[in-house]
Structures are given as structure tokens and as C-alpha cells.
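Here's the letter readout for the chains.
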Number of protein chains: 2
Amino acid sequence: MNTETQATQLAFRALADETRREILKQLSEQEMTIGELVEQFDMTRAAVKKHLIILEQGRLISVKKQGRERINRIEPSTFGVVFDWLAYFDHYWETRLQGLKQVVEAAEAEKKT
Amino acid sequence: MNTETQATQLAFRALADETRREILKQLSEQEMTIGELVEQFDMTRAAVKKHLIILEQGRLISVKKQGRERINRIEPSTFGVVFDWLAYFDHYWETRLQGLKQVVEAAEAEKKT
DNA sequence: CTAATATGATACCTTTTGGTATTATTTAAT
DNA sequence: ATTAAATAATACCAAAAGGTATCATATTAG
């Protein structure tokens, strides 16, 4: 079997932790440095950094270097792989989730222009 | 913080493993016993059983006892908690994923009548 | 009643995960 | 040039995950 992409696995893995999901919510409000993120959580900088690495591996965030700071921002287009996987179950809900991955990625592409 | 429900955590945790996601796909085609599922995977019955337990804890499947067999079936309404979480990011895509959770759960409710 | 079958449960092992504490590196300010 | 600030990296630890092998239990068939 094993027909699934590595991207899908890394994305779902990244979403599996509550702290990481909360980080994504924070970053969806505003881009932030690690330092700023650490203030929001009751754990060490190193712990937050590990979560950011896993989010990066799942391509759910990206990092922009700016002077001595690293700005973490959400990468919403990658959510498409999640929708894509969920779309497999479309026939249960009779929705047209099928094309939503493309919708999501197209919307993101437009914002970058 | 920690505003998230336990149901959300258990669902995302259950979705984090590729074998479990594959089990869900199999079960979406057809209800199956553990024995039938084991044939589809290259691992022991005990391993598959553990995955089923985690899927059950995430309420993504349910089990129907039938004689000496246990029929595992998908519980599509629970996918709603996933959509619900993803809907938080709606503003990125300008989609109306927001109400999709209700759509999904309503569709399921109808099937049961 | 006794097999055989389908499943459940438990003990055990290795790897991954989520966390800390500590040390190192890069960049900005004085 | 030194110091301070922001971040990165590494070693270490406990707990959870994912797997196996083995034993126990329930249900159907002869």
C-alpha cells in the first residue's frame, strides 16, 4: 500500500500536537519571532523551537531571516494536503471538498502577486 | 491558553499515523473485522488492534459486536471536529469552511434515519 | 463437551516525542 | 572592542508510540 506522500505524513504529524496547533493559530493572527511566541507559552525556548522545526518540516510555517531575528509565518497553502486527504471521504458528506485543495493553493498564490 | 477540546486532540492524534489513515480509507470502502483488516497490512493483529483502539478513542470509528465478530466502521461525523479546527484559518482562503462541520454532521444524521 | 475461530489483553522492547538545562553562535548597540 | 540580545544546537531524560510475542477469553461448529 503506502501510496501516501511524505508531505501528507509530515503535515499530519505536525498537526498532532496541541501546542503546535496553538502556535499556528497565533501565527495566523500575526507573524512572530520565537521570542514573542515563547511569551505565549509556558515552556522553554528550546521546546518551542523544536515545535517550530516540526511545523517547518510539515511546511505549515516558513521562516524569514531579518537581521538577528527570524520571523515565523504561517504557510496556509500547505493546508491543502490536509484537505486533499480529507477529500477522499467526500462521498460520505456529499460535499465538493474534492477541489478545495486547488482552491486553497490558488488563493494563496494570488496573495503573493 | 489550552482552549481546545479533548475530542479535537484525540482526533488529530488518531490521524497522525499513516497506518491509521489507511485503515480509515479501507473502512470507508467497506466495514471490516480486525481479521479482514490485518490481511491488508504487513503487521501483526495486535498492532492493528492498537491502531483501532486509538481510532476509537478519537471517535473516528465505532465497533459493532456481531456474534463473535467485531465489525469496525467509520464514524464520519467526527471528522467535523477536524473541519471545525481548520475553519479557524478560513480567512486565509476566503472559503466558507466555517459551516462545513455542521454540514458534515447533518449529512451523517440523515443517513441514520 | 471439545475443537476451532475470532478476538482481546498483557508484558516487553525500541524508537520517537516533548520537555529541560546548558553551551555556542550571530548580530546590534555603546 | 565589548557587551547585550536574539537565536541555534546539543546532551540528556521521562513518557508515549508503534511494534512483537504470548497468553486469555468468548463464540460457533462437530
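Let us look at the structure shown here. (Residues numbered from 1 in each chain as written. Chains lettered and ligands numbered in written order. Predicted model: local features only at pLDDT ≥ 70, side-chain atom pairs only at ≥ 80, totals over all residues. Heavy atoms only, no water.)

### What about the overall build of chain A?
Of the regular secondary structure elements, chain A holds seven helices and two strands. The N-to-C order of helical and strand elements in chain A reads α-α-α-α-β-β-α-α-α. For chain A, with 113 residues in total, the buried portion stands at 52%. For chain A, the proportion of contacts with a sequence separation of at least 24, taken over those separated by at least 6, is 48%. For chain A, the accessible area works out to roughly 6100 Å², and carbon and sulfur atoms hold 46% of it. (Helix = DSSP H or I, 4+ residues; strand = E, 2+ residues; numbered from the N terminus. Buried < 20%, exposed > 50% of the residue type's maximum accessible area, 1.4 Å probe, protein only. Contact = heavy atoms within 4.5 Å. Areas by Shrake-Rupley, 256 points an atom, 1.4 Å probe, with all protein chains shown as cover.)

### Observations concerning the packing of helix α1 (residues 6-15) of chain A against helix α4 (residues 45-57) of chain A
Residues and elements named next belong to chain A. In the contact formed by α1 and α4, the axes pass within 8 Å of each other and the chain directions differ by 150 degrees. Relative to α4, the element α1 lies roughly antiparallel. Crossing hand, α1 versus α4: left-handed. In contact with Leu 10, Arg 13 and Ala 14 of α1, α4 contributes Ile 54, Leu 55 and Gln 57. (Axes fitted to C-alpha atoms, helices over the stretch in contact; angles between N-to-C directions. Parallel < 35°, antiparallel > 145°, perpendicular 65-115°, else oblique. Left-handed = near helix turned anticlockwise from the far one by under 90°.)

### Structural notes on the protein's contact with DNA strand D
Of all residues adjacent to DNA strand D, which total 21 residues, the nearest are Thr 33 and Arg 45 of chain A together with Thr 44, Lys 50 and His 51 of chain B. Between DNA strand D and Arg 20 of chain B there is a distance of 2.9 Å, counted from a phosphate oxygen to a side-chain nitrogen or oxygen. Taking His 51 of chain B, its side chain carries an N or O atom lying 2.3 Å from a phosphate oxygen of DNA strand D. Elements with a contribution of two residues or more to the surface near DNA strand D: α3 (34-40), α4 and β2 (69-74) of chain A together with α4 (45-57) of chain B. With five residues, the single largest contributor to the surface near DNA strand D is α4 of chain B. Residue composition of the surface near DNA strand D, grouped by class: five nonpolar, five polar and eleven charged. (Near = heavy atom within 4 Å. Polar contact = N/O pair within 3.5 Å; in protein donor to acceptor, adjacent residues only side chain to side chain. Nonpolar A, V, L, I, M, F, W, Y, C, P; charged D, E, K, R; others polar.)

### Quick word on the environment of Glu 29 of chain B
As for its placement among the helices and strands, Glu 29 of chain B is situated in helix α2 (residues 18-29). A polar atom in the side chain of Glu 29 of chain B sits 2.8 Å from the side chain of Tyr 88 of chain A.

### So, the protein's contact with DNA strand C
Taken together, 21 residues lie near DNA strand C, and Thr 44, Lys 50 and His 51 of chain A together with Thr 33 and Arg 45 of chain B sit nearest. The sugar-phosphate portion of DNA strand C accounts for 74% of its atoms within 4 Å of the protein, the bases making up the rest. Within the side chain of Arg 45 of chain B, an N or O atom sits 2.5 Å from a phosphate oxygen of DNA strand C. Lys 49 of chain B is positioned with one of its side-chain polar atoms (N or O) 3.3 Å from a phosphate oxygen of DNA strand C. Looking at the surface near DNA strand C, the elements with two or more residues in it are α4 of chain A together with α3 (34-40), α4 and β2 (69-74) of chain B. Along the lines of polarity and charge, the residues of the surface near DNA strand C split into five nonpolar, five polar and eleven charged.

### Concerning the nonpolar core
Of all hydrophobic cores here, the largest spans 56 residues; its most connected members are Leu 24 and Phe 79 of chain A together with Leu 24 and Phe 79 of chain B. When neighbours within four sequence positions are excluded, Phe 79 of chain B is seen to be in contact with Trp 85, Leu 86, Phe 89 and Trp 93 of chain A together with Leu 24, Leu 60 and Ile 74 of chain B. (Core = buried A, V, L, I, M, F, W, Y, C linked by side-chain atoms within 4.5 Å.)

### Side note on the packing of aromatic side chains
Scanning the entire structure with this criterion turns up eight aromatic pairs over all chains. On the numbers, 5.4 Å between centres and 75 degrees between planes, the contact of Phe 12 of chain A with Trp 85 of chain A is edge-to-face. One end of the pair, Phe 12 of chain A, is in helix α1; the other, Trp 85 of chain A, is in helix α5 (residues 79-86), with 73 residues separating them in the sequence. Each member of the pair Phe 12 of chain A and Trp 85 of chain A is classed as buried. In textbook terms, an aromatic cluster arises when at least three aromatic residues are bridged by ring pairs, as seen for Phe 12, Trp 85, Tyr 88 and Phe 89 of chain A together with Phe 79 of chain B. Here the guanidinium or amino end of Lys 25 of chain A rests over the ring plane of Tyr 88 of chain B, the centre of that ring lying 4.2 Å away. (Phe/Tyr/Trp six-rings, centres within 6.5 Å; stacked < 30°, edge-to-face > 60°. Lys NZ or Arg CZ within 6 Å of the ring centre and 35° of its normal.)

Spatial relationships are all this shows, so hold off on functional conclusions.
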